[in-house]
Amino acid sequence: MQFCKLFMLHFQENVSLKAYNTFGIDVKTSYFIEINSETMLFELLSDEIYLSHAYMFIGGGSNLLFTKDFDGLVIKNNLKGITIDEQDDESILLNSQSGEVWHELVLKSISLGYGGLENLSLIPGTVGAAPMQNIGAYGVELKDVFHSLKAVNLKTKEIETFNLEQCRFGYRESIFKKEAKGQYFILSVTLRLLKHPKINASYGAILTTLDEMGFRDLTIQNVSKAIIKIRSTKLPDPKQIGNAGSFFKNPEIDEDQYQTLKSEYPQMPSYLLENANYKIPAAWLIEQCGWKGKRIGNCGSHQDQALVLVNYGNANGSEVYSLAMDIQKSVKEKFNILIQPEVNIY
Ligand code: FAD
Ligand code: NAP
């Protein structure tokens, strides 16, 4: 344990990360620290241990696959605080520190009656990681409610503000996962939420679930409850069985490839995109290759959702990675589509 002069920086050494990633992979990091305030963060950025080691920031660890021990410093984000920054007759600007739990922010916004986050209920992880891949579910993405974020430039140690355009959000993508990868720590996120919510219940089983639950009114509270119910039924709970949600992104193919595949596989599901390409559910492609529910050693593809790779208890990260690569290869061979991991692999 080492202490810094100005602020008590409590570094732990040789720490297992098993409890810090939802896959439950038992790797070790040389150093580990939790940051609870901006002051502490800036202190850390000048500390010798930070300056002389590789480092990575983590939130809830729900979009990570560790394939080996981390020879460096893992920084767990615990920055907390939610405020309403501005409001007018139509909307509010809700600001959240990046270490807040995403679903708690969603529940808070719903309890205050502000619309926009209900379809994003029950996504694991922290607010600060949400812009990393422009989290999305049930027909809504973070970008639909995003106003701005503040991030520390890790080279200059300056705080910079990013607006919607500057974040370059795409399907499970942002500037922070691409050009600016590893260059920023996201400090806080501001969202524009509506005082008179516009309900988006057209996706998948939302309406039928509302009906089954006996909810007649289309409110943000009811939509959130329906989505929580669907997700709890369909997705494996990382507390019961290790996973990081969808392992791969849904691929996009062009019209020519779509027509070729559709004639060979008339039952292939697809969604026409604004750019005239087609989104094909990766879960379907994986299932067609025979992977759904298949277990290889300590890991496998989940029996109810082929896209979710699971750790049956003692898997190591390279086993999961190797399974993912085998799945990727067989989808490529059968459909000539290269599915890309959504999960961040270290
Ligand atoms: P982590 O896994 O801790 O980190 C992810 C990446 O972001 C890492 O590269 C990390 O270095 C970086 N990072 C984290 N915080 C910061 C920060 N403050 N500044 C800079 N970099 C940072 N995702 C969806 O989009 N939609 C879903 O519906 C969805 N459902 C899921 C369901 C389950 C059961 C699980 C396990 C995962 C699901 N995910 C989903 C994926 C995951 O929940 C999200 O990607 C989430 O935003 C990750 O948050 P986290 O705090 O756990 O990030
Ligand atoms: P689903 O409803 O069974 O649908 C399968 C796939 O088809 C989804 O990936 C979805 O793409 C696409 N799709 C379905 N209906 C659509 C529509 N009306 N318009 C456009 N695309 C449509 O999927 P699911 O696995 O149960 O997941 C439900 C939602 O939660 C999805 O939005 C999914 O992305 C999200 N989710 C994400 C993760 C993750 O880790 N990233 C994990 C679990 C669930 P999209 O994925 O583009 O929506």
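Residues numbered from 1 in each chain as written. Chains lettered and ligands numbered in written order. Predicted model: local features only at pLDDT ≥ 70, side-chain atom pairs only at ≥ 80, totals over all residues. Heavy atoms only, no water.

Chemist: Hey, could you go over the overall build of the protein chain for me, with residue numbers and the actual values?
Modeler: From N to C terminus, the protein chain includes nine helices and 20 strands. When the backbone C-alpha atoms are referred to their principal axes, the protein chain occupies close to 70 × 55 × 35 Å. Each of the 346 residues in the protein chain was classed as buried or not, and the buried ones make up 49%. Taking contacts inside the protein chain between residues at least 6 apart in sequence as the whole, the part at least 24 apart equals 59%. Taking the average place of the 34 positive charges on the side chains of the protein chain and the average place of its 40 negative ones, the gap between the two points comes to 4 Å. (Helix = DSSP H or I, 4+ residues; strand = E, 2+ residues; numbered from the N terminus. Buried < 20%, exposed > 50% of the residue type's maximum accessible area, 1.4 Å probe, protein only. Contact = heavy atoms within 4.5 Å. Lys, Arg positive; Asp, Glu negative; His and termini not counted. Charge placed at Lys NZ, Arg CZ, Asp CG, Glu CD.)

Chemist: Please provide a residue-by-residue account of the packing of aromatic side chains, values included.
Modeler: One pass over the full model with this rule turns up 17 aromatic pairs. Both rings, one in F66 and one in Y346, keep their centres 6.2 Å apart while their planes meet at 40°; by these two values the pair is tilted. You can see F66 sitting in the loop between β4 (64–65) and β5 (70–77) and its partner Y346 sitting in the segment after β20 (344–345), a full 280 residues away along the chain. Here a set of aromatic residues connected by ring pairs shows up, and it is made of Y50, Y55, F57 and F185. Looking at K294, its charged tip hangs above the ring of W291, at a distance of 5.1 Å from the centre. Taking the ring centre of Y312 as reference, the NZ or CZ of R295 above it sits at 4.2 Å. (Phe/Tyr/Trp six-rings, centres within 6.5 Å; stacked < 30°, edge-to-face > 60°. Lys NZ or Arg CZ within 6 Å of the ring centre and 35° of its normal.)

Chemist: Could you give an account of a negative patch on the surface, with specific residues and numbers?
Modeler: Among the surface-exposed residues, D85, E86, D88, D89 and E90 lie close enough to one another that they form a single negatively charged patch. Note on placement: E86 falls in strand β6 (residues 82–87). (Patch = residues over 30% accessible without salt bridge, like charges linked within 9 Å, V, L, I, M, F, W, Y side chains within 5 Å. Areas by Shrake-Rupley, 256 points an atom, 1.4 Å probe, with all protein chains shown as cover. Salt bridge = Lys/Arg side-chain N within 4 Å of Asp/Glu carboxyl O.)

Chemist: Help me get a handle on the sheet that holds strand β19 (residues 308–311), residues and values and all.
Modeler: Here four strands make up an open sheet; going across it, the order is β13-β19-β18-β17 and the pairing antiparallel. Each having just a single partner strand, β13 (242–246) and β17 (295–296) make up the two edges of the open sheet. Bridging between β17 and strand β18 (residues 299–301) involves two bridges; their strand directions are antiparallel. Looking at β18, one finds that I296 is bridged to C299. On top of the sheet, helix α9 (residues 317–335) reaches β17, β18 and β19; it is set at about 30° to β18, its chief contact. (Pairing = 2+ DSSP bridges. Axes fitted to C-alpha atoms, helices over the stretch in contact; angles between N-to-C directions.)

Chemist: Hey, could you go over the site of ligand 1 for me, with residue numbers and the actual values?
Modeler: The full set close to ligand 1 counts 32 residues, and F57, S62, T126, R231 and Y346 are the nearest of them. Interatomic distance of 2.7 Å between a side-chain N/O atom of S62 and an oxygen atom of ligand 1. One of the backbone N or O atoms of P124 is found 2.9 Å from an oxygen atom in ligand 1. For ligand 1, the accessible surface in isolation is 980 Å², of which the surrounding protein chains cover 94%. Of all the secondary-structure elements, those providing two or more residues to the shell around ligand 1 are β3 (54–58), β8 (136–137), β12 (184–194) and β13. Partitioned by chemical class, the residues of the shell around ligand 1 number 15 nonpolar, 15 polar and two charged. (Near = heavy atom within 4 Å. Polar contact = N/O pair within 3.5 Å; in protein donor to acceptor, adjacent residues only side chain to side chain. Nonpolar A, V, L, I, M, F, W, Y, C, P; charged D, E, K, R; others polar.)

Chemist: How would you explain α9 if you had to name every residue and give the values?
Modeler: With 19 residues, α9 should reach 27 Å at 1.5 Å per residue; the first-to-last C-alpha distance of 27 Å fits that figure. Inspection of α9 places G317, V320, L323, A324, I327, Q328, S330, V331 and F335 among the buried residues, and these make up the whole buried set. The arc that holds every buried residue of α9, seen down its axis, measures 170°, which confines them to one face. For α9, the exposed residues lying more than 90 degrees away from the buried face are K329 and E333. Contact partners of the buried residues in α9: β4, α7 (255–264), α8 (282–288), β17, β18 and β19. (Expected span 1.5 Å × (residues − 1). Arc of directions from axis to C-beta.)

Chemist: So what's going on with the site of ligand 2? Residues and values would help.
Modeler: R172, K234, K279, Q305 and E342 are the nearest of the 17 residues found near ligand 2. S246 has a polar backbone atom sitting 2.8 Å from an oxygen atom of ligand 2. At 3.2 Å from a nitrogen atom of ligand 2 is found a side-chain nitrogen or oxygen belonging to Y271. When ligand 2 is considered free in solution it has 790 Å² of accessible area, and contact with the protein chains removes 76% of it. A class-by-class count of the residues in the shell around ligand 2 yields seven nonpolar, five polar and five charged. Among the domains, domain 2 (82–234) and domain 3 (242–345) are the pair contributing at least three residues each to the shell around ligand 2. (Domains from an automatic or database assignment.)

Chemist: An account of the sheet that holds β3 is needed here, citing residue identities and associated values.
Modeler: Taken together, four strands build an open sheet; the order of strands is β1-β2-β5-β3 and the sheet is mixed. Lying at the two open borders of the sheet, with one neighbouring strand each, are β1 (12–16) and β3. Averaged over all neighbouring strand pairs, the angle between strand axes comes to 40°, with direction disregarded. Strand direction decides the pairing type here: strand β2 (residues 28–35) and β5, joined by six bridges, are parallel. Note that in β5 the partner of T29 across the bridge is F70.

Chemist: Please set out the pattern of salt bridges residue by residue, giving values where relevant.
Modeler: Applying the stated rule across the entire model yields seven salt bridges. The salt bridge partner of R172 is E342, with a shortest N-O separation of 3.6 Å. Note that R172 is positioned in the loop between α4 (164–167) and β12 and E342 in the loop between α9 and β20, a separation of 170 residues in sequence. Across this residue pair, the class does not change: R172 and E342 are buried. Here K249 makes a salt bridge to E173, at a shortest N to O gap of 2.5 Å. Taken as a pair, K249 in the loop between β13 and β14 (252–253) and E173 in the loop between α4 and β12 lie far apart in primary sequence, 76 residues in all. Neither K249 nor E173 differs from the other in exposure class; each is buried. Where salt bridges share partners, they join E141, K143 and D144 into one cluster.

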